[in-house]
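Close look at the chain arrangement
As a plain string of letters, each chain reads:
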Amino acid sequence: MRKSVSIDARTAREVLGTKDSHLRRVRETLGVTAVFRAGKLTIGGAADKVRRAAAVLEEMKRVVESLGAITARDVERILDGVGADDEAEAGAEWPEEHLIVGSSREVDARTAGQGHYIKTMRSHDVVFCVGPAGTGKTYLAVAMALAELEAGRVNRIVLARPAVEAGERLGFLPGDERQKVSPYLRPLYDALTDTMSFSALGRLMDQGVIEVVPLAFMRGRTLGHAFVILDEAQNTTTGQMLMFLTRLGPYSRAVVTGDITQIDLPDSTTSGLVQACRILDGVAGIGIVHLSERDIVRHPLVRSIVAAYEADRQGSSPARAVRGGEAGAGTSGTAQAGSPGSAEGPEGRDSGAEGPGS
C-alpha cells in the first residue's frame, strides 16, 4: 500500500529533521518506506503500518505548523501514542475515505472510526456522532459539508450550537445579541477556519451561504437544500433536539455531534442527544456512529487522559487507569464505530481534526 502526505517545503524541513533524522526514526519504528519529493511524503509498506505512519507524520506536521518546530522527544511521544494500538485495531477494517474540500485540499480519515464516520455521512441523510474530545467529530462534519457544497449537492451550510456554559456562570455579557452569543459559537468558527481561509469564509458568510447560529435561533425555520450541523448536542434538551431535527426541508442533510461525558445540563435534565440516539436507533436513513479514545487525533496525551477518566468512571482505580492510558491499553465504554449496541450515539489533514476537533 502507498499513501501520500502533502507538506510544504518549510514545514518539511522540520518534519524530516536534521539529515532526515525524524523521518528515519519513523521508518525504522514502523517498518515503512518514506520519501519526500515535490511537496509530498510518500509512504509505502503493509497497509496497517502505512496508515500508522501517515497518522504520525500528519501529527508531526500539525505540531510544526502550530509551534514552528518539533523535537526528537516530540517525535518519540507521537510514535508512542500511535504505536500503542493493539493488534485487533491494527487488523480492523479501515475504509479508505477522504473528502475533497475546495479545489485542491483533501481531508483524510486517520483512524478506522473516522473512516466509518465519513462513510456513514455519505450514505445517510441524518447522522449522529458521539465520541470524546479530539476525535474529529465537528471537523469532519464541517469538511463533509464543504465537500457537498463544492459538489453542488447543497447550496448552504448551517452550523448550530446550544448556548450552554461549561460548568461555570459567565454572568452578564456586553454587546448586542450577536456579540453575546459569539463566545459560544467560537468552536464552530475554528472548525471552519481550519478548512478554509478567513477571506473565503467571510465571503461565504456575507453571501449567506454559510451561517453560524445559536440553536435557539433555529426555531420556526425550514432548511431546504442545506447541510445542517448541530455541535455540542449533548447539551440540548429533549425539546431542543426535536425542534432541530424537524427543521430539515427537502434535499437537506444533518449531522449531530456530541460527547455525552461532558454534559453541562442540570442533573435533572435529560440530554436530548442521549435520548435521540436511543429512540432513533434503527430508523431507516439515520446513522449512529460511535467513536472512542482510539480515534483521538489531538496531542497523543489526550488519548491517555480520556482513557484514564473513562476507566475511573467505570470504577477502575486512578492508578490503574493512568497506567492503562499510558500504555495505550485503556478501555472505553464507547463502542467502536458503527456498533449498534453502545450506550452512546454519535473538529484530513487534521481529520480530525481537530483539526481533526472536537
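Anything mentioned here points back to the structure above.
Remember, predicted model here, so these are calculated numbers, not experimental data.

Cut-off values and rules
- Residues numbered from 1 in each chain as written.
- Predicted model: local features only at pLDDT ≥ 70, side-chain atom pairs only at ≥ 80, totals over all residues.
- Heavy atoms only, no water.
- Axes fitted to C-alpha atoms, helices over the stretch in contact; angles between N-to-C directions.
- Helix = DSSP H or I, 4+ residues; strand = E, 2+ residues; numbered from the N terminus.
- Parallel < 35°, antiparallel > 145°, perpendicular 65-115°, else oblique.
- Contact = heavy atoms within 4.5 Å.
- Nonpolar A, V, L, I, M, F, W, Y, C, P; charged D, E, K, R; others polar.
- Pairing = 2+ DSSP bridges.
- Buried < 20%, exposed > 50% of the residue type's maximum accessible area, 1.4 Å probe, protein only.
- Arc of directions from axis to C-beta.
- Polar contact = N/O pair within 3.5 Å; in protein donor to acceptor, adjacent residues only side chain to side chain.
- Left-handed = near helix turned anticlockwise from the far one by under 90°.
- Salt bridge = Lys/Arg side-chain N within 4 Å of Asp/Glu carboxyl O.

This part covers the packing of helix α1 (residues 9-16) against helix α2 (residues 21-30). Their axes nearest at 5 Å, the elements α1 and α2 cross at an angle of 60 degrees. The angle between α1 and α2 falls in the class oblique. Residue-level contacts link Glu14, Val15 and Leu16 of α1 to Ser21, His22 and Leu23 of α2. Within the contact of α1 with α2, the residues separate by chemical class into three nonpolar, two polar and one charged.

Now for the sheet that holds strand β2 (residues 33-37). Read across the open sheet, the three strands follow the order β1-β3-β2; overall the sheet is antiparallel. Because the sheet does not close on itself, it has two edges, and the strands there are β1 (2-6) and β2. The sheet shows a mean angle of 20 degrees between the axes of neighbouring strands, direction not considered. The sheet contact formed by β2 and strand β3 (residues 40-44) spans five bridges and is antiparallel. Counterpart to threonine 33 in the pairing with β3 is glycine 44.

Of all the residues in α1, the buried ones are Thr11, Ala12, Val15 and Leu16. Taken down its axis, α1 places every buried residue within 125 degrees of arc, on the same side. The N-terminus of α1 is capped by aspartate 8, whose side-chain oxygen sits 3.1 Å from the backbone nitrogen of arginine 10.

The next thing to look at is the packing of helix α6 (residues 112-123) against helix α7 (residues 137-150). Interaxial distance between α6 and α7 falls to 11 Å at its minimum, and their mutual angle equals 40 degrees. Considering the angle they form, α6 stands oblique to α7. Crossing handedness for the pair α6 and α7: right-handed. Judged by residue contacts, Gln114, Tyr117, Ile118, Met121 and Arg122 of α6 engage Lys137, Leu140, Ala141 and Met144 from α7. Split into classes, the residues belonging to the contact of α6 with α7 amount to six nonpolar, one polar and two charged.

With five of its five residues buried, strand β6 (residues 126-130) lies for the most part within the structure. The alternating pattern of β6 places Val126, Phe128 and Val130 and Val127 and Cys129 on opposite faces, both of which are buried. With five bridges joining them, β6 and strand β11 (residues 286-290) adopt parallel strand pairing. Its bridge partner lying in β11, cysteine 129 is registered against valine 289.

To continue, consider the pairing of β3. Bridge analysis of β1 against β3 gives five bridges, and the strand direction is antiparallel. By the bridge assignment for β3, lysine 3 is matched with isoleucine 43. The turn linking β2 back onto β3 is made up of two residues, and alanine 38 within it adopts a positive phi angle of 55 degrees.

Secondary-structure assignment places alanine 141 in helix α7. For alanine 141, a relative accessible area of 0% corresponds to the buried category. Linking alanine 141 and isoleucine 118, residues 23 residues apart in sequence, is a C-alpha distance of 8.2 Å.

What follows covers α2. Every buried residue of α2 is listed here: His22, Leu23, Val26 and Leu30. Viewed along the axis of α2, the buried residues span an arc of 100 degrees, placing them on a single side of the element. Positive backbone phi, at 70 degrees, marks glycine 31, one or two positions downstream of α2.

Under the counting rule described, the total for this entry stands at six salt bridges. A salt bridge links glutamate 148 to arginine 253; the shortest N-O distance between them is 2.4 Å. One end of the pair, glutamate 148, is in helix α7; the other, arginine 253, is in strand β10 (residues 253-258), with 105 residues separating them in the sequence. Arginine 253 carries the same exposure label as glutamate 148, and that label is buried. A salt bridge links glutamate 211 to arginine 221; the nearest nitrogen and oxygen atoms lie 2.9 Å apart. One end of the pair, glutamate 211, is in strand β8 (residues 210-214); the other, arginine 221, is in the loop between β8 and β9 (226-230), and ten residues separate them in sequence. One salt-bridge network, held together by shared partners, links Glu148, Arg153 and Arg253.

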